[in-house]
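Notes for the structure review
So you can see what is in the structure, the chains are spelled out below.
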Amino acid sequence: MHCTRKVTPSITWVGGSDYRLALFENLFPIPRGVAYNSYVIEDEKTALMDTADASITEQFLENVTYALHGRALDYLVVQHMEPDHCANIAQILLRHPNAKIVCNQKTLTLIQQFYDADLQEKVVLVKDGDCLSLGSHELHFAFTPMVHWPEVMVTYESTEKILFSADAFGSFGAINGNLFADELHFDRDWLADARRYYSNIVGKYGPQVQNALKKLGGLDIRIICPLHGPIWREDLGYLLGKYDLWSRYEPEDKAVCIFFASMYGDTENAAQILATKLAEGGVKDIMMYDISRTDVSYLIGEIFRASHIVLAAPTYNNGVYPAMANLLHDMKALNVQNRTIGLMENGSWAPVAGKLIKEELSALKNITLLEPAVTIRSAVKGDTVEQIEKLKDAIIASL
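Residues numbered from 1 in each chain as written. Predicted model: local features only at pLDDT ≥ 70, side-chain atom pairs only at ≥ 80, totals over all residues. Heavy atoms only, no water.

A word on a nonpolar patch on the surface
A contiguous nonpolar surface patch, about 370 Å² in accessible area, is contributed by Met263, Tyr264 and Tyr316. Among the structural elements, Tyr316 can be located in strand 19 (residues 306-316). On the basis of relative accessibility, which here comes to 34%, the residue Tyr316 falls in the partly exposed class. (Patch = residues over 30% accessible without salt bridge, like charges linked within 9 Å, V, L, I, M, F, W, Y side chains within 5 Å. Areas by Shrake-Rupley, 256 points an atom, 1.4 Å probe, with all protein chains shown as cover. Salt bridge = Lys/Arg side-chain N within 4 Å of Asp/Glu carboxyl O. Helix = DSSP H or I, 4+ residues; strand = E, 2+ residues; numbered from the N terminus. Buried < 20%, exposed > 50% of the residue type's maximum accessible area, 1.4 Å probe, protein only.)

Details of the sheet that holds strand 7 (residues 39-42)
Taken together, 7 strands build an open sheet; the order of strands is 1-2-7-8-9-10-11 and the sheet is mixed. Either end of the sheet is taken by a strand with one partner, and the two such strands are strand 1 (5-8) and strand 11 (123-125). Taking each pair of neighbouring strands and ignoring which way they run, the sheet shows an average axis angle of 25 degrees. Pairing analysis gives 3 bridges linking strand 8 (residues 46-49) to strand 9 (residues 75-77), with the strands arranged parallel. Following the sheet pairing, Met49 is matched in strand 9 by Val77. This element, helix 1 (residues 57-68), spans strand 2 (11-13), strand 7 and strand 8 of the sheet and lies at about 15 degrees to strand 7. (Pairing = 2+ DSSP bridges. Axes fitted to C-alpha atoms, helices over the stretch in contact; angles between N-to-C directions. Contact = heavy atoms within 4.5 Å.)

Things to note about the packing of aromatic side chains
Per the counting criterion, the structure on display carries 15 aromatic pairs. The interplanar angle of 70 degrees and the centroid separation of 6.2 Å between the aromatic rings of Tyr198 and Phe304 together place this pair among those described as edge-to-face. Residue Tyr198 is found in helix 6 (residues 191-202), and its partner Phe304 is found in helix 10 (residues 296-305); the two are separated by 106 residues along the sequence. Comparing Tyr198 with Phe304 shows no difference in burial state: the two are buried. Aromatic rings pair up to connect Phe169, Tyr198, Tyr243, Trp246, Tyr249 and Phe304 into one cluster. Across the ring face of Tyr298, the terminal group of Arg196 is positioned such that the distance to the ring centre comes to 4.0 Å. Over the ring of Phe180 we find Arg233, and its NZ or CZ is 3.7 Å from the ring centre. (Phe/Tyr/Trp six-rings, centres within 6.5 Å; stacked < 30°, edge-to-face > 60°. Lys NZ or Arg CZ within 6 Å of the ring centre and 35° of its normal.)

Overview of unusual backbone geometry
Residues Val147 and His148 are joined by a peptide bond in cis, for which omega reads 10 degrees. Inspection of the secondary structure assignment puts His148 in the loop between strand 13 (138-143) and strand 14 (153-157). Cis geometry marks the peptide bond from Glu371 to Pro372; its omega dihedral reads 0 degrees. Locating Pro372 in the fold gives a position in the loop between strand 22 (365-369) and strand 23 (374-376). At Asn335, a position not held by glycine, the phi torsion is positive, near 65 degrees. As for its position among the elements, Asn335 is in the loop between helix 11 (322-333) and strand 21 (337-346). Classification of Asn335 as partly exposed rests on a relative accessible area of 23%. The phi torsion at Ser378 lies on the positive side, around 75 degrees, for a residue other than glycine. Position of Ser378 among the secondary structure elements: in the loop between strand 23 and helix 13 (382-398).

Honestly, it's all geometry; don't read function into it.
Put into structure tokens, the structure is as follows:
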């Protein structure tokens, strides 16, 4: 049975949600599931905006059939060739053999890599800025390379002023009936997953996101329809503002997050002491994460949110504790910038974690390292507390 919702009288959401998938891209935990969005436009000609993941094929195909009301599909617009959005191209063409695929040349190359079928006669190739008329609806194509694949384009429908934004403006999280962001408590229930989605999936490509925002800045957009997460039809400035901050690598909040790794509890104890002293100094909403127990995607999301972070880890095999090394790897891979960082290291006979973490952080842009870096020798002693006190003062002063 179909499960659809109207975006406008002529545009229908035909996507679906997967609650069973544990890891998005077999990498990122999604305890709230994930939504795959697709849209049917009805006019003199009909168009389907992208397909969906193989996990929801049956539901997706039922939705498309219902939304077309017995009509044939004229166009399948392929904006992004990642399998969670292109897995049902063959199924759609099987059911609508006369449909044309609308895509760009880079997309066509990827289609031919994923599929064996000869599609040359079925393809309408478009260039940046091209337009396709469906009747009263006009689709304008804008290329947004590396947001977050090289072939990605977005589509602006100028009559109803709708941006079909591909993977931009998306979020982890299944759709629980409430399809629109204004039907949700977005700040409370969705913002963290939207940030985690952006920072881990798109975060590396901030300059390209900035280019896309500038490119789309002159458009009169009334509704944003992403390929994951809720649709936006109110307060678009809120969403665009978040993307502007994240893609410029500017912190969202003046806040302190402490990320600690601890083998036997001594480094954790030092982190707790620092947190307590910060709180006594008036710092609110301090967040602490045991990085050995927290998936790194959540840590990256918080690093994109907070202005100040503290990295605390023991020396391990004359190197950095593996969980911290993993976090540093992702910070570099995702182009983290413009943060103020405090360091805490532990080592019983040769504490070198702090020195090695500094070397890793030197690859990041506009990082302010606070002094002193705290050195714990096995367990917290009086001189360690003095160092922690000084680091607390440096953090508060920089806030």
